[in-house]
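Here is what each chain is made of, one letter per residue.
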Amino acid sequence: MSATLFVSDLHLSATRPAISRLFQDFLAHQARQADQLYILGDLFEYWAGDDDLSDPFNASICAALRQLAESGTQIFFMPGNRDFLTDADFARASGLSVLTEPQVVDIAGFSTLLLHGDTLCTDDAAYQEFRNKVRSSAWQENFLAQPLAERKAQIEALRRQSNQEKQFKSAAIMDVNPAAVAAVLRSHGYPRLIHGHTHRPARHRHQVDGHTCERWVLGDWYDSGNYLHCDETGCRYLTLPAA
Ligand code: LP5
Ligand code: MN
C-alpha cells in the first residue's frame, strides 16, 4: 500500500531546537517509510531569501530533507505565507519539487486539491491586501535586491505588526470563509481538499452542488509534531511524542 504524508506550519527556527530535532527525527523515521512527503507551507518561521541558505540552521534542515529524498521518498513543497521567498537554490539543496498553488494531485486514487490555506481566509481583508502586494514579482525583485540583514529587519517589523493585529482579529476572520471553500472545490471538480495555515486540525465535510467533499486541515508543530497519513483507505491524523 502506498503511503503519502502531509505536514505544514512547522515554523522551524533555531530558537525552537526541540521541534527541529523532532522534525529531523520524523524525516529519518516515519517519512522514510512513506512514498511521498508533502510540505504544505510555513516549514520555516520565515524565509528571507535563498542567500539565507548560508545560515547553519537553514542548511541543516535542507540537508536533512535532501537525505530523505536520496533515500527514495519524494518530497513536494508548496510555499506558505512565511516561506514564499524560497527559490531554486532552496529546492536544490533540499532535493524537493516545488508546487505552485492551487495544485490537484492524485493521492492513492483520490483527486486531492492542495493549498497552503491562506487564500481561503477571504474575510481577513488587511492580510489579503498585504498578500497581493508581496506576491507580485515586482515587489519581490525589489525586496530581494536589499541586503539580507535589511530584509531580516523588515521581516521582524512585519512579524511584530502581524502579531499585534492578530490580537484584534476575531477567530472567525482568521478562519476559512465557507463560500471561498465551496468556490475552490467547485472550480476543481469537487476533490478532497488538504490545507494548513489556520492551525485548526480537523476533518470537515462540505456539501457543494450535491457533492460531498472532505476537507482535512493540518495542525501546527508548536507543542508537538503531527502529520496526516493518506493511502488507498483514506486519511488519518498521527501525532508524534511531545518534543
Ligand atoms: O503567519 P501567521 O499565521 O502568524 O499570520 C498570518 C498573517 N501574517 C503574515 C505575516 C507573517 O507571519 C510574518 C512573516 C512573513 C515573512 C515573509 C517574508 C517576506 C515578506 C517581508 C515583508 C516585509 O503573513 C496575518 C493573518 C494570519 O496569517 C491569519 O490568516 O491575519 O496577517 C497579518 O497580520 C497581516 C496584517 O493584517 C497586514 C500587515 C500589513 C503590513 C504592512 C507592511 C509592513 C512592512 C513592515 C516592514 C517594512
Ligand atoms: Mn500560514
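Now for a look at the structure at hand.

Here we take up helix α4 (residues 125-134). Along α4, the residues that are buried comprise Tyr127, Gln128, Arg131 and Val134. Buried residues of α4 fall within an arc of 135° about the axis and therefore sit on the same side. Turned more than 90 degrees off the buried face of α4, the exposed positions are Ala125, Glu129, Asn132 and Lys133. Close packing links the buried residues of α4 with α5 (137-144).

Here we take up the site of ligand 1. The environment of ligand 1 is formed by 22 residues, the closest being Arg82, Asp124, Glu165, Lys166 and Lys169. Between ligand 1 and serine 162, the relevant distance is 2.9 Å, taken from a nitrogen atom to a side-chain nitrogen or oxygen of the residue. Taking lysine 166, its side chain carries an N or O atom lying 2.4 Å from an oxygen atom of ligand 1. Contact with the protein chains covers 87% of the free accessible surface of ligand 1, which is 1,000 Å². Residue assignment for the shell around ligand 1 shows that the elements contributing at least two residues are α4, α5 and α6 (148-168). The element that contributes the greatest number of residues to the shell around ligand 1 is α6, accounting for 8 residues. For the shell around ligand 1, a count of residues per class yields 11 nonpolar, 5 polar and 6 charged.

To continue, consider the environment of arginine 192. Of note, arginine 192 is situated in strand β7 (residues 192-195). Residue classification places arginine 192 among the buried residues on the basis of a relative accessible area of 6%. In this structure, the C-alpha to C-alpha distance between arginine 192 and threonine 15, residues 177 residues apart in sequence, is 35 Å. Among all residues touching arginine 192, those that are not within four sequence positions of it are Ile107, Phe110, Ser111, Thr112, Leu113, Glu214, Trp216, Gly234 and Cys235. A polar contact is formed between the side chain of arginine 192 and the side chain of threonine 112, at a distance of 3.1 Å.

Definitions and cut-offs
Residues numbered from 1 in each chain as written. Chains lettered and ligands numbered in written order. Predicted model: local features only at pLDDT ≥ 70, side-chain atom pairs only at ≥ 80, totals over all residues. Heavy atoms only, no water. Buried < 20%, exposed > 50% of the residue type's maximum accessible area, 1.4 Å probe, protein only. Helix = DSSP H or I, 4+ residues; strand = E, 2+ residues; numbered from the N terminus. Arc of directions from axis to C-beta. Contact = heavy atoms within 4.5 Å. Near = heavy atom within 4 Å. Polar contact = N/O pair within 3.5 Å; in protein donor to acceptor, adjacent residues only side chain to side chain. Areas by Shrake-Rupley, 256 points an atom, 1.4 Å probe, with all protein chains shown as cover. Nonpolar A, V, L, I, M, F, W, Y, C, P; charged D, E, K, R; others polar.

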